[in-house]
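# Working through the structure, step by step
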Amino acid sequence: PMKVAMINTSDLQGGAAIAAFRLAEAYVSTKDIEVTMVVKEKRSNKDFVLHVNDSKIKHYRGFFNFAMEKASFLPYEASKDIRFFFSNPNFGQDISKVPAVRDADVLHLHWINKGYLSFASLERLFALGKPIVWTLHDMWAFTGGCHYAEHCEHFKQSCGNCFYLKNPSTNDLSNQIWTKKQKLYRGQNMHFVTCSRWLQKEAQSSGLLKDFPIHSIPNTIDTSVFKPQKSKSNSKKTILFQAMNINDKRKGLKYFLEALAVLKEDHPEFAAQVQLLVFGKDTSGALDHLDYPVDYLGFLGSQTEIVAAYNRSDIFVIPSLSDNLPNTIMESMACGKPVVGFETGGIPEMVDHLENGYIAPQKDVKELAAGIKWTLENEARYLELSKNALQKVQNSYAHQAIVDQYHYLYRSI
């Protein structure tokens, strides 16, 4: 069989890791392609995941690389709020001699930051001369270091004057990183994959990737695990909000809370029927003083708990300010739950407005509130939205459809 080494910092920590893990897992029963997931941090017990830091010393060295990468960025950062929104890959490890990498026919990169692969690590991997597929889970591969460029379009030419940096200038750190990437990518046999058409367009317009083939293949989900369960027993309308870290500004908790306040003021009778279900890490206590009943589940580590939480809710609200193709939307819809969100990144590709959910203009809390009410207020309409959500996942994100697309790409290169 053809051997593919999928390379990601972790197997289960974070959205990119989960997306890469699900893709690797979808290949387990495939006879003619053998996938090994090569990670710095292993959380699962799966045999197809190879842990390159499998000893205490290696684990500490991996952590040291991440700590050093962040420490080296401190003198440059505009504020500590953006510390984890920018990666300068000057510390990492060499995985080019790992047998699963050396013997692979195709190297498939995913999210490789957090002190895993540095420029030197990538150079050694590229020197193996193997064809490379690189699935982008954010914008980092074609920017001067940021994971999401937000309103900035400097990446379309060459980065510099970066708003993430304390002293932006033409030849600032972002420009230096951009120039290193340009040199590293030159002449490589690389195919890039984006999980959303939104990110594909951004990548195609970038100075770094515009001459490379860029395909759009969505993430996948196991619909035998994420599926409807009969667990909704109370009469309250239950709204789910979740994120790995619910205080991450990009996840838009502020706008969700404002939309709930609008509902309370404009539609008090409707608001009286609503309760909230929240999971993810919360460090701010932002949920402590709400006028709604809140069931806060904390951080959920197991897939079983996560599936149960979706099934306890009626809708999922995702007011993200920047996002690619969120796994959370896929998970919610696979459980038959409609989604209400902002017109951000790849979200409108997943949520078809008024068909399986509701899309509001970004940061428009009145429209977000209207979307929540519209989705929940009519029982017959709600059942139709729910049915459509399930159908969308089956048609667009189930294992076979996605595996076939990657299969074709691996073979063609």
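What counts as what
- Residue numbering note: each chain is counted from 1, following its sequence as written.
- A pLDDT threshold of at least 70 governs which residues receive local features in this predicted model, and a stricter bar of 80 or more applies before side-chain atom pairs are shown or counted, although totals over entire chains, interfaces and linings include all residues.
- Only hydrogens and water are removed before side-chain values are computed, so all heavy atoms of the structure are retained for them.
- DSSP-based pairing: two strands are paired if at least 2 bridges between them are found.
- Here a strand is any run of E in DSSP of at least two residues, a helix any run of H or I of at least four, and the numbering for each starts at the N terminus.
- In this analysis, axes come from line fits to C-alpha atoms, helices being fitted only over the stretch in contact, and the angle between any two N-to-C directions falls in the range 0 to 180 degrees.
- Two residues qualify as a contact provided that any one of their heavy atoms is within 4.5 Å of a heavy atom in the partner residue.
- Buried, partly exposed and exposed residues are distinguished by accessible area as a fraction of the type maximum, computed with a 1.4 Å probe on protein chains only: under 20%, between the cut-offs, and over 50%, respectively.
- When the strands point away from the viewer, a crossover counts as right-handed if the route from the first strand across the helix to the second turns clockwise.
- The aromatic pairing rule takes the rings of Phe, Tyr and Trp, using the six-membered ring of Trp, and pairs them if the centres are within 6.5 Å, calling planes under 30 degrees apart stacked, those over 60 edge-to-face and the rest tilted.
- A ring is scored as having a charge over it whenever the NZ atom of a lysine or the CZ atom of an arginine sits within 6 Å of its centre and within 35 degrees of its normal.

Right, let's get into the sheet that holds strand 2 (residues 33-41). Pairing within the open sheet is parallel, and its seven strands lie in the order 3-2-1-4-5-6-7. Each having just a single partner strand, strand 3 (49-51) and strand 7 (214-216) make up the two edges of the open sheet. Within this sheet the neighbouring strands show an average axis-to-axis angle of 25 degrees, counted without direction. Pairing of strand 4 (residues 106-109) with strand 5 (residues 132-136), which is carried by three bridges, proceeds in the parallel orientation. Bridging from a neighbouring strand, H108 pairs with V133 of strand 5. Sheet strands in contact with helix 6 (residues 197-204) are strand 5, strand 6 (190-194) and strand 7, and its direction is about 170 degrees off that of strand 7.

Turning to the sheet that holds strand 12 (residues 339-342), a few remarks are in order. Strand order in this open sheet of six strands is 10-9-8-11-12-13, and the pairing throughout is parallel. Both edges of this open sheet fall to strand 10 (294-296) and strand 13 (357-360), since each of them pairs with a single strand only. The sheet shows a mean angle of 20 degrees between the axes of neighbouring strands, direction not considered. Sheet analysis places strand 8 (residues 237-245) next to strand 9 (residues 274-281), joined by seven bridges and oriented parallel. Bridging from a neighbouring strand, K237 pairs with V274 of strand 9.

On to the pairing of strand 1 (residues 2-10). Among the nine residues in strand 1, eight count as buried, and that is most of the element. As paired elements, strand 1 and strand 2 share eight bridges and run parallel to each other. By the bridge assignment, V4 is partnered in strand 2 with V35. Following the backbone out of strand 1, through helix 1 (residues 15-26) and into the adjacent parallel strand 2, one traces a crossover that is right-handed. With four bridges joining them, strand 1 and strand 4 adopt parallel strand pairing. Bridging from a neighbouring strand, M6 pairs with H108 of strand 4.

On to the environment of E25. Note on placement: E25 falls in helix 1. With a relative accessible area of 27%, E25 lands in the partly exposed category. The spacing of E25 and K46 is 21 residues in sequence and 8.9 Å in space, taken between C-alpha atoms. The residues contacting E25, other than those within four sequence positions of it, are K46 and F48.

Applying the stated criterion to the full structure yields 19 aromatic pairs. One aromatic cluster is present, built from ring pairs that chain together F73, F86, F163 and Y164. Between K181 and the ring centre of W140, over which it is positioned, the NZ or CZ distance is 3.7 Å. Over the aromatic face of Y292 sits the side chain of K264, whose NZ or CZ is 4.8 Å from the ring centroid.

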